Amino acid sequence: SPRSWCLLCVVGVFAFTGQILMTKGYRYISATGGSIAGLAEVPLTVCASAAILGEHITARFVAGAAVIVAGLVLNFLLAGGTRPSGLCFRKARDR
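Residues numbered from 1 in each chain as written. Predicted model: local features only at pLDDT ≥ 70, side-chain atom pairs only at ≥ 80, totals over all residues. Heavy atoms only, no water.

## Considerations on the overall build of the protein
As a reminder of what qualifies: Per the convention used, a helix needs a DSSP run of H or I reaching at least four residues, while a strand needs a run of E reaching at least two, with both numbered from the N terminus. Burial here depends on accessible area, computed with a 1.4 Å probe over protein chains only, as a share of the maximum for the residue type. Under 20% is buried, over 50% is exposed, and the range in between is partly exposed. In this analysis, two residues are considered to be in contact whenever any of their non-hydrogen atoms come within 4.5 Å of each other. Reported accessibility uses the Shrake-Rupley method at a 1.4 Å probe radius. Residues are deemed covered only where the shown protein chains occlude them.
Helix and strand content of the protein: three helices and zero strands. Along the protein, from the amino end to the carboxyl end, the secondary structure elements read α-α-α. A buried classification covers 11% of the 95 residues belonging to the protein. Taking contacts inside the protein between residues at least 6 apart in sequence as the whole, the part at least 24 apart equals 65%. In the form shown here, the protein has an accessible surface area of approximately 7,500 Å², with 72% of it arising from carbon and sulfur atoms.

Here it is as structure tokens:
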């Protein structure tokens, strides 16, 4: 139906815009900070959908989120327990 196509186009525009803005944002963050943000995106999105839309969180999600969080913690510990230097937003000219 025309309404479905219109909604699909709106979702596409928002997804495209979000991807472009995220890519531009990577300019202001280190590679480590970017990977942490990218990895944290999936669990945070599912938690937000559960809180806002009432979605059900399954055992598979909990298991997957645990693996992601364990990877983030392991990355933190292997880096010497220090916060990655690029987690704060900086202007490109400050690099």
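## Remarks on a nonpolar patch on the surface
Applicable threshold: Exposure above 30% relative accessible area and no salt bridge define the residues that can form patches, which grow by joining like charges within 9 Å and nonpolar side chains of Val, Leu, Ile, Met, Phe, Trp and Tyr within 5 Å. One speaks of a salt bridge when a side-chain nitrogen belonging to Lys or Arg is within 4 Å of a carboxyl oxygen belonging to Asp or Glu.
Side chains of Val69, Val73, Phe76 and Leu77 sit close together on the surface and give an oily, nonpolar patch of about 360 Å² of accessible area. Mapped onto the secondary structure, valine 69 falls in helix α3 (residues 59–78).

## Examining the packing of helix α2 (residues 31–53) against α3
Here is the rule we go by: Orientation is described by lines fitted to C-alpha atoms, with helices fitted over the stretch in contact, and by angles between N-to-C directions that extend from 0 to 180 degrees. Angle categories: roughly parallel below 35 degrees, roughly antiparallel above 145, roughly perpendicular from 65 to 115, and oblique for all the rest. Crossing handedness is read from the near helix: turned anticlockwise from the far helix by less than a right angle, it gives a left-handed crossing, and turned clockwise, a right-handed one. Just so you know the grouping, Ala, Val, Leu, Ile, Met, Phe, Trp, Tyr, Cys and Pro go in nonpolar, Asp, Glu, Lys and Arg go in charged, and all remaining residues, Gly too, go in polar.
The interhelical angle for the contact between α2 and α3, taken along N-to-C directions, is 160°, at an axis separation of 10 Å. As judged from the angle between their axes, α2 and α3 are roughly antiparallel. In this structure, the crossing between α2 and α3 has a hand that is left-handed. Here Thr32, Ile36, Leu39, Val42, Pro43, Val46 and Cys47 of α2 come into contact with α3, specifically with Phe61, Ala65, Ile68, Leu72 and Asn75. Of the residues assigned to the contact of α2 with α3, the class counts are 10 nonpolar, two polar and no charged.

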